[in-house]
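Spelled out, the chains give:
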Amino acid sequence: MEVYLNEREKILNSLSEWSDDWQMHALFCAYDGSENEEFMVEFWKKAVNLIFELCIKGVSAKQESLSEVFTRKGRRPLALEGVLQELCKRGHFLKASDIKHKAQSAQNVKESWGNWLGKLIWKQEEPQDTRIVSVEKLDSLKKEIFEHTVQEDRKVFLKDEIKKLLIRFHLSEEDLEILFNYLVGEKLAKVSETEIGGKTLTIVKFKVLQNDDLELNSTDSACLSLNLTLKSIEKQLKKLEEEKNKTHVKVLEKIKNKDKKSAKNFLTREKLIDSEIEKLTSARNNCEEKLFSISSSSNNLTIFQALKQANKAQKDHQINIDELQETLDTAQDLHLRNQEVEEALAAPQDPEEESELLKELESLGEPPRELPKELDELQVPDAPLPVKRATEQVEFE
């Protein structure tokens, strides 16, 4: 990790809290992970991102180095280690060790029995990797790589090609390894070794489209070999063109000096160079034609597989005509039965039952019967009658 220390103070002073002693005292205290300390998480997230963006080359930094960067008035922040752990849990930063383990799981890398047994006997442990990785920088580099794959119309590259592409970012070998591990762990790339032209080369295949397969196949190896051949031819053609121009200048000089013999020799050499350029140009055209043919075949295969999958999906959803007719007939029968039930419910009642109901209705409409004469002449008092009290005396023993 390389840090621009001369820019550190200027960058940190842009944080409003940095110049306030009381606030920084609270922010430098140990972090316990309570909800009341959320302000510490927000400040250190902002501060560390700012340092990564403006002050640190590469994508990673050791916790000890970050602690040194944030030293203020001779005091190092006790909160930083705990806050960084919390930020890693939340996904704002990543641990280099976690990225490596995730990549190994994605590549199905298993430790050999010999290494495992040796560590068990000698109790050897890998040195702890305390590097913190900026997710923002990783995403920026990922975008750069995938834009390059689209420009080149390729998915397979030599690992060295990608390193040359990223050389302007001044990444260390450690940071480049973190980047490749990150892409592998996210299943966006796969790193493998293959033999091309008698040489063992480290190849990276990128997942440009959602359905791309990361396994290296014969088509990938052929395309990579052709692309490498094309690059080699381009270099040779460029070199020959420069040599031809120099030779032509020599021819003109010798003619000017009336040295016909030397001019003839240089002219002969120029013709030989022209012949070699013509051969290489023809070879380049053949390679480009073969690449185009492979690309066309690959596209045709993709189209065929898509059509085949679409036909299968359509076949799975095909309706059986006999079953459809049977379903329609059943629905028609049920509809007719339902109509019969409704008609039966709405049909008029039996005439005998209807006449009995009419008689009952007539009886309900008859005038009330006359009361007997005795009951009609009975007089009912308008008020309660007085109660006569007993006049006998009660004797008590």
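Refer to the preceding data block for the structure.
A short tour of the structure in this document, coming up. Model, not experiment: these values are computed from the prediction.

Here we come to the packing of helix α3 (residues 38-54) against helix α5 (residues 79-89). The geometry of α3 relative to α5 is characterised by a closest axis approach of 10 Å and an angle of 85° between their N-to-C directions. In terms of their interaxial angle, α3 and α5 are classed as roughly perpendicular. Here Met-40, Val-41, Trp-44, Lys-45 and Val-48 of α3 come into contact with α5, specifically with Ala-79, Leu-80, Val-83, Leu-84, Glu-86 and Leu-87. Partitioning the contact of α3 with α5 into residue classes produces 9 nonpolar, no polar and 2 charged.

A few words now on the nonpolar core. In terms of nonpolar packing, the biggest core is built from 31 residues, with Trp-18, Phe-43, Trp-44, Ile-51 and Phe-70 touching the most fellow members. For this core, the elements supplying multiple residues, two or more each, are α1 (5-13), α2 (21-28), α3, α4 (63-69) and α5. Broken down by element, this core gets its largest block of residues, 9 residues, from α3. Other than its neighbours up to four places away in sequence, Trp-44 contacts Leu-27, Phe-28, Phe-70, Pro-77, Ala-79, Leu-80, Val-83 and Leu-87. Leu-141, Ile-145, Phe-157 and Ile-178 belong to the second-largest nonpolar core, a separate cluster that totals 22 residues.

Our next topic: the pairing of strand β7 (residues 189-196). In this structure, β7 lies alongside strand β8 (residues 199-206), joined through 8 bridges in antiparallel fashion. If you follow Ser-192 over to β8, its bridge partner there is Ile-203. Two successive antiparallel strands, β7 and β8, enclose a turn made up of 2 residues, where Gly-197 displays a positive phi of approximately 60°.

Thresholds, definitions, all that
Just so you know, the residues in each chain are numbered from 1, in the order the chain's sequence is written. Per-residue local features are limited, in this predicted model, to residues with pLDDT of at least 70; the limit for side-chain atom pairs, both in listing and counting, is 80 or more; totals at the level of whole chains, interfaces and linings are taken over all residues. Each side-chain value is worked out from all heavy atoms of the structure, with water and hydrogens disregarded. Only C-alpha atoms enter the line fits that serve as axes; for helices the fit covers just the stretch in contact. Angles between N-to-C directions range over 0 to 180 degrees. In this description a helix means any DSSP run of H or I spanning at least four residues, a strand means any run of E spanning at least two, and both kinds are numbered starting from the N terminus. Working rule for angles: under 35 degrees goes down as roughly parallel, over 145 as roughly antiparallel, 65 to 115 as roughly perpendicular, anything else as oblique. Whether two residues are in contact is decided by their heavy atoms: any pair within 4.5 Å suffices. In the scheme used here, Gly and all other residues not listed as nonpolar or charged are polar, with Ala, Val, Leu, Ile, Met, Phe, Trp, Tyr, Cys and Pro taken as nonpolar and Asp, Glu, Lys and Arg as charged. Nonpolar core, defined: a set of buried Ala, Val, Leu, Ile, Met, Phe, Trp, Tyr and Cys residues in which side-chain atoms within 4.5 Å join the residues together. Relative accessibility under 20% of the residue-type maximum defines a buried residue, over 50% an exposed one, and the middle range a partly exposed one, all with a 1.4 Å probe and only protein chains included. Two strands are counted as paired when DSSP detects at least two bridges linking them.

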